[in-house]
Number of protein chains: 2
Amino acid sequence: MNKIVQFKEFGGPEKLQFTSLEPGKLEAGEVLFKVDAFALNRADILFLNGHHYSLPNFPSRIGSEAAGVVEAVGSGVTNFKPGDKVSSIPFHNDAYGTQGEWAIVPEQYLCSWPDSLSAEEACSVWMQYLTAYYALFEVGKLTENDYVLIPAASSSAGIGAIQLTEEAGAKAIATTRTQDKAEFLLTAGASFVVVTEDENLAERILEITGGQGVRLVYDPIAGSFTKAYLDALARHAIIFLYGLLGGDATEVDIVAMVRKAAVIHPYSMFNHVCEAEQLEKGKDYIFSRLLNGSLRPLVDRVFDFEQTLDAYRYMETNQQKGKIVVKTTA
Amino acid sequence: MNKIVQFKEFGGPEKLQFTSLEPGKLEAGEVLFKVDAFALNRADILFLNGHHYSLPNFPSRIGSEAAGVVEAVGSGVTNFKPGDKVSSIPFHNDAYGTQGEWAIVPEQYLCSWPDSLSAEEACSVWMQYLTAYYALFEVGKLTENDYVLIPAASSSAGIGAIQLTEEAGAKAIATTRTQDKAEFLLTAGASFVVVTEDENLAERILEITGGQGVRLVYDPIAGSFTKAYLDALARHAIIFLYGLLGGDATEVDIVAMVRKAAVIHPYSMFNHVCEAEQLEKGKDYIFSRLLNGSLRPLVDRVFDFEQTLDAYRYMETNQQKGKIVVKTTA
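S.K.: An account of the packing of aromatic side chains is needed here, citing residue identities and associated values.
M.R.: In this structure the tally under the stated criterion is 30 aromatic pairs over all chains. Relative to F305 of chain B, the ring of F38 of chain B lies with its centre 6.1 Å away and its plane at 85°, an arrangement referred to as edge-to-face. Taken together, the positions of F38 of chain B in strand β3 (residues 30–39) and F305 of chain B in the loop between β15 (299–304) and α10 (308–316) put the pair 267 residues apart, joining distant regions of the chain. F305 of chain B carries the same exposure label as F38 of chain B, and that label is buried. By way of ring pairs, the aromatic residues F7, F10, F47 and F58 of chain A are connected into one cluster. Above the plane of the ring of Y285 of chain A lies R289 of chain A, whose end atom (NZ or CZ) is 3.6 Å from the centre. Geometry around F18 of chain B places K3 of chain B over its ring, the cationic atom sitting 5.6 Å from the centre.

S.K.: Let's hear about the domain arrangement of chain A: which residues, and what values?
M.R.: Residue and element names in this part refer to chain A. What the domain assignment reports for chain A is domain 1 (3–125 + 297–327) and domain 2 (129–269). On a C-alpha basis, the centroid separation for the pair domain 1 and domain 2 is 28 Å. If you look at the interface, domain 1 gives 15 residues, while domain 2 gives 16 residues. Summing both partners gives a buried area of about 1,200 Å² for domain 1 against domain 2, and 65% of it is carried by carbon and sulfur. Contact with domain 2 buries area across many residues of domain 1, yet Y53, L298 and K321 alone supply 38% of it, more than any other trio. Counting across the interface, domain 1 meets domain 2 through zero salt bridges. Split by residue class, the side of domain 1 that touches domain 2 holds seven nonpolar, five polar and three charged.

S.K.: Mind laying out the packing of helix α3 (residues 126–139) of chain B against helix α9 (residues 276–291) of chain B, listing which residues take part and the relevant values?
M.R.: Residues and elements named next belong to chain B. Across the interface, α3 lies against α9 with an axial gap of 10 Å and an inter-helix angle of 115°. Taken as axis vectors, α3 and α9 run roughly perpendicular relative to one another. In this structure, α3 meets α9 at a crossing whose hand is right-handed. Contact residues: α3 offers W126, Y129, L130, Y133, Y134, F137 and E138, while α9 offers Q278, L279, K281, G282, K283, Y285, I286, F287 and L290. When the residues that make up the contact of α3 with α9 are grouped by side-chain class, the tally is eleven nonpolar, two polar and three charged.

S.K.: Can you tell me about the interface of chain A and chain B, naming the residues and giving the values?
M.R.: On the side of chain B, 30 residues touch chain A, which itself brings 30 residues to the contact. At the boundary of chain A with chain B, total buried surface from both sides reaches about 2,400 Å², with 64% on carbon and sulfur atoms. Broken down residue by residue, the surface that chain A buries against chain B is led by I254, V258 and P266 of chain A, which jointly contribute 25%. Viewed at the interface, chain B and chain A are joined by zero salt bridges. There are eleven residue pairs in polar contact (both at pLDDT 80 or more) connecting chain A and chain B. Elements with a contribution of two residues or more to the side of chain A that touches chain B: β13 (233–241), α7 (254–259) and β14 (263–266) of chain A. It is α7 of chain A that contributes the most residues to the side of chain A that touches chain B, five residues altogether. When the residues that make up the side of chain A that touches chain B are grouped by side-chain class, the tally is 18 nonpolar, eight polar and four charged.

What counts and what doesn't
Along every chain, residues carry numbers that run from 1 in the direction the sequence is written. Lettering of chains starts at A and numbering of ligands starts at 1, both following the order in which they are written. In keeping with the model being predicted, local features are shown solely for residues with a pLDDT of at least 70 and side-chain atom pairs are shown and tallied solely at 80 or more, while totals for entire chains, interfaces and linings include all residues. Water and hydrogen atoms play no part in the side-chain values, which are based on all heavy atoms of the structure. To pair, rings of Phe, Tyr and Trp, with the six-membered ring standing in for Trp, must have centres within 6.5 Å; the planes then decide the type, stacked if under 30 degrees apart, edge-to-face if over 60, and tilted in the middle. Each helix is a run of DSSP H or I of at least 4 residues and each strand a run of E of at least 2, with the numbering of both proceeding from the N terminus. When accessible area is computed with a 1.4 Å probe and restricted to protein chains, residues below 20% of their type maximum are described as buried, those above 50% as exposed, and intermediate ones as partly exposed. Whether a charge sits over a ring comes down to the Lys NZ or Arg CZ being within 6 Å of the ring centre and within 35 degrees of the ring normal. Here the limits of each domain have been adopted from an automatic or database domain assignment. We call two residues in contact whenever any of their non-hydrogen atoms come within 4.5 Å of each other. Put simply, buried area is how much 1.4 Å-probe accessible surface two parts lose in total, over both of them, once they are put together. For salt bridges, the criterion is a side-chain nitrogen of Lys or Arg within 4 Å of an Asp or Glu carboxyl oxygen. Three classes are used: nonpolar for Ala, Val, Leu, Ile, Met, Phe, Trp, Tyr, Cys and Pro, charged for Asp, Glu, Lys and Arg, and polar for all others, with Gly counted as polar. To obtain each axis, a line is fitted to C-alpha atoms, and for helices this fit is confined to the stretch in contact; angles are then taken between N-to-C directions over 0 to 180 degrees. Put simply, angles under 35 degrees are roughly parallel, angles over 145 are roughly antiparallel, angles from 65 to 115 are roughly perpendicular, and the rest are oblique. Put simply, a crossing is left-handed when the front helix is turned counterclockwise from the back one by less than a right angle, and right-handed when it is turned clockwise. Pairs of N or O atoms are called polar contacts if they sit within 3.5 Å, as long as, within protein, a hydrogen donor faces a hydrogen acceptor (for residues adjacent in sequence, only side-chain-to-side-chain pairs).

And the structure:
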């Protein structure tokens, strides 16, 4: 029970290594827990290849989401005790990491693991829902009159945003490249799906919204893809750019943006969970909806611990519909 | 007293024509005034070449700033009467235009012309100060602990932003390409001037601000110039892009922006003066400071009416330090 995943230089999944490491002494406020399952995120791939906002100190652990059972707590920890079931909340991960058989996380970045969720589900909660929460509600002030554009919607981040949008009474317009995942996105709760290889995105948005346009765009693609929806923004639109899936440069069309009084918000939930008040607000919003069943994470595929590198490679193929999880226990 | 400037197709200053035109019947809320002086803005050049947010209906008048004396008022006008001295506030200019011997403007886009200002000064007030006002205060929530970066600061827009920043107790860091205008910018009130051909902008900003960085950037250049200051943004910085002087594409460096929790705000005052409450707030803020003398527009050069095309060509050379004005009366 001491194997962890780490890396010593930037690169792809092949740089990840299994290492035996005993947990060190807990600092004040830290919690050690045995990991039952951990989730993969695109942020992990960016962290691994050196393109994430935060940078590792080598050798570095990796990962920000895991669910498990508390083994020990550092001084001053009041919310958790050994035996408690917990789920971790992503935060700047340069000094921590959850992918392995154990993890240490500061108390405030842990939440209870609701009994209704499996370990695979419990480790799939916080990145997707908090990322969507702060964008849509804290910054975007989503109202039920709004339409939200959710490109590349089949990822866990996309699913989380669809669920939160629809749960709040607003309408999610999900996009996917090919017909393959269109049905899945409707089942996942999106009011509308646009298949971008077959349809003109801006035209479809204007049709769906009766000319109103989308007020929030939750875009992990960026790059030249932004041009596909610029003409279908509502007035005072906010474009959240929270990923780099497109790979090419994202240009600002200043004139088009000003015509809609729209802004570009390069975005990460890390800039919100670092503030105590916002962290608690986000936790409360999501946790209450997990408890009453109005939110439930979708898990796509579960890998064994030994298959962790395969899980990363699978994420790189973009085939997933929901969360990719690794289970550390049989 | 019926000559106006108009254009019938997109292009450069050579497309501008002097035409005799009698004012038509005033609509409700409109005010006709004899123009004593009008100002030129970069927005006029963009409107002329078809790159402005608003587009003309040909044949189209041009210009948004003028000062003069009221001749007649339409029904329902209560704030002005014939004989009053007025100054016009820019708004979407596709149906109006102030460059000529007379102009018609809706009542709410007129303000009194303070006795302490000459005609040249009175027509140079509203574009520069309101553009800076809404960016710095309404959106940017400027506090006296902030540093504001003001690139290409020798334009009237730059001077207006310097004055408003310093008047509010914050610090303006003005930039200029060459040494030529450095002294002028200090005289105009900037706490600091950086000559971008001679100095590394980001390094100088970090030095000036003691590592804090600039929280607001008021940038008419955009394009690749944005790279010059990205590393010197304060946390939660806002980059206002309000012009297109750079000419090349403006790329969003998503990772660099997220590291600073910074946003990009393509910006025009037109998106603020179109809302009645904001219009009044802006007018009050600026007008009270004109009256008490804490703001006073800087006029660079005054052209005769017949030289209007020369005034446009002068603006295109970027030599000006302050406002370019045309006087229609001897």
